[in-house]
Amino acid sequence: DAGVTQSPTHLIKTRGQQVTLRCSPKSGHDTVSWYQQALGQGPQFIFQYYEEEERQRGNFPDRFSGHQFPNYSSELNVNALLLGDSALYLCASSQQAVAKNIQYFGAGTRLSVL
Amino acid sequence: AQTVTQSQPEMSVQEAETVTLSCTYDTSESDYYLFWYKQPPSRQMILVIRQEAYKQQNATENRFSVNFQKAAKSFSLKISDSQLGDAAMYFCAYRSAWAGNMLTFGGGTRLMVKP
């Protein structure tokens, strides 16, 4: 049973560019959440997708957008990259119908903005 | 908004000894979940233990146990018989029982295990 998989593992971009990160949830999971983890800090919630819609959003600007596909996989898009967007981006999946659902995390995508 | 605070940036423990990591949180809600996650150098967050706020009994998972003090809003993690593989970043996290999936994390504690 594959867990949460993220691609790519590492990405280097320059300021002003756009980036797309991908996430495949754990088998049987229908909800995907994205987190940003700056170096030396705890993860911060970006947003959550369920039934192909954004259901909850943290304190992130509109430059951060996402999408969920019918197979439950998800993408995180960041436009007009800033140096401060350099971070580890973590994807977590869970089952919405389970009230006590546990979020399982992927190994993340390390984004470096130069 | 909820906040989670981990006051120990780094902790060190001798192999086979016991160590306790501290976590406090602030919330006005009465129903919520608390978690401890481990993040090794491989970067993947691994769930260590979970506590439901309505349960008075402290959660236990093998060598890992928590001391949940709801009135004090404190949620510490005790690791018994520490092993070299326990060395990692440990994050305390909060989730509301009614407001979606969002996890609020603390800043983390780096645990070093000395052989």
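See the structure printed just above.
Residues numbered from 1 in each chain as written. Chains lettered and ligands numbered in written order. Predicted model: local features only at pLDDT ≥ 70, side-chain atom pairs only at ≥ 80, totals over all residues. Heavy atoms only, no water.

Asks: Give me the overall build of chain B: which residues, what numbers.
Replies: Within chain B, the regular secondary structure consists of zero helices and 12 strands. Put simply, chain B runs from its N terminus to its C terminus through helices and strands in the order β-β-β-β-β-β-β-β-β-β-β-β. Relative to the globule expectation of 13 Å for 115 residues, the C-alpha radius of gyration of chain B, 14 Å, shows essentially globular dimensions. Each of the three principal axes of chain B carries a C-alpha extent, and together these read 45 × 30 × 20 Å. Looking at chain B as a whole, 49% of its 115 residues qualify as buried. (Helix = DSSP H or I, 4+ residues; strand = E, 2+ residues; numbered from the N terminus. Rg over C-alpha atoms; globule rule 2.2 N^0.38 Å. Buried < 20%, exposed > 50% of the residue type's maximum accessible area, 1.4 Å probe, protein only.)

Asks: An account of the packing of aromatic side chains is needed here, citing residue identities and associated values.
Replies: In this structure the tally under the stated criterion is 15 aromatic pairs over all chains. Aromatic pair A:Phe105 and B:Tyr37: ring centres 5.3 Å apart, planes at 80°, arrangement edge-to-face. Of this pair, A:Phe105 sits in strand β10 (residues 104-105) while B:Tyr37 is found in strand β5 (residues 32-39), placing the two residues in two different chains. Chaining the aromatic ring pairs together yields one cluster made of A:Tyr35, A:Phe45, A:Phe105, B:Phe35, B:Tyr37, B:Phe91 and B:Phe105. In this structure, A:Lys26 packs its charged tip against the face of A:Tyr104, placed 5.2 Å from the ring centre. (Phe/Tyr/Trp six-rings, centres within 6.5 Å; stacked < 30°, edge-to-face > 60°. Lys NZ or Arg CZ within 6 Å of the ring centre and 35° of its normal.)

Asks: So what's going on with unusual backbone geometry? Which residues, and what values?
Replies: Residues and elements named next belong to chain A. The residue after Ser7, namely Pro8, is reached through a cis peptide bond having omega -10°. Along the chain, Pro8 falls in the loop between β1 (5-7) and β2 (10-13). Of note, the phi angle at Glu52 is positive, near 65°, even though the residue is not glycine. Examined against the element boundaries, Glu52 turns out to sit in the loop between β5 (44-50) and β6 (53-57).

Asks: So what's going on with the state of the cysteines? Which residues, and what values?
Replies: All names here are of chain B. A complete count under the given rule lists two disulfides over all chains for this structure. With its sulfur 2.0 Å from that of its partner, Cys23 forms a disulfide with Cys92. The chirality of the disulfide connecting Cys23 with Cys92 is left-handed, given an S-S dihedral of about -65°. Taken as a pair, Cys23 in the loop between β3 (19-21) and β4 (24-26) and Cys92 in strand β10 (residues 88-96) lie far apart in primary sequence, 69 residues in all. Exposure remark for Cys23: the relative accessible area of 2% places this residue in the buried category. (Disulfide = S-S within 2.5 Å.)

Asks: Can you explain the interface of chain A and chain B? Please cite residues and give values.
Replies: Taken together, the 27 residues of chain A in the interface contact 21 residues of chain B. A combined buried area of about 1,900 Å² lies between chain A and chain B, and 47% of that area is made up of carbon and sulfur atoms. Counting every contact that joins chain A to chain B gives zero salt bridges. Those elements that provide at least two residues to the side of chain A that touches chain B are β4 (31-37), β5, β9 (87-94) and β11 (109-113) of chain A. Ranked by residues supplied to the side of chain A that touches chain B, first place goes to β4(A) with four residues. (Contact = heavy atoms within 4.5 Å. Buried area = accessible area lost by both parts, 1.4 Å probe. Salt bridge = Lys/Arg side-chain N within 4 Å of Asp/Glu carboxyl O.)

Asks: Please provide a residue-by-residue account of the nonpolar core, values included.
Replies: In this structure, B:Tyr25, B:Trp36, B:Phe75, B:Leu77 and B:Tyr90 are the most contacted members of the largest nonpolar core, which totals 25 residues. For this core, the elements supplying multiple residues, two or more each, are β3, β5, β6 (46-52), β8 (64-69), β9 (74-79), β10 and β12 (109-114) of chain B. For this core, the leading source of residues is β10(B), giving four residues. Excluding residues within four positions of it along the chain, B:Leu77 makes contact with B:Val19, B:Thr20, B:Leu21, B:Trp36, B:Val48, B:Ile49, B:Phe64, B:Ser65, B:Val66 and B:Tyr90. Residues A:Leu11, A:Leu76, A:Leu81 and A:Val113 belong to the second largest nonpolar core, which totals 20 residues. (Core = buried A, V, L, I, M, F, W, Y, C linked by side-chain atoms within 4.5 Å.)

Asks: So, the pairing of β9(A): which residues are in play, and what are the values?
Replies: All names here are of chain A. The element β9 is extensively covered by neighbouring structure, given that eight of its eight residues are classed as buried. Note that β4 and β9 share seven bridges and pair antiparallel. Within the sheet, the bridge partner assigned to Gln36 lies in β9 and is Tyr89. As paired elements, β9 and β11 share three bridges and run antiparallel to each other. Note on β11: the bridge partner recorded for Leu88 is Arg110. Pairing geometry for β9 and β10, over two bridges, is antiparallel. Residue pairing in the sheet places Ser93 in a bridge with Tyr104 of β10. (Pairing = 2+ DSSP bridges.)

The values are spatial; any link to function lies outside them.
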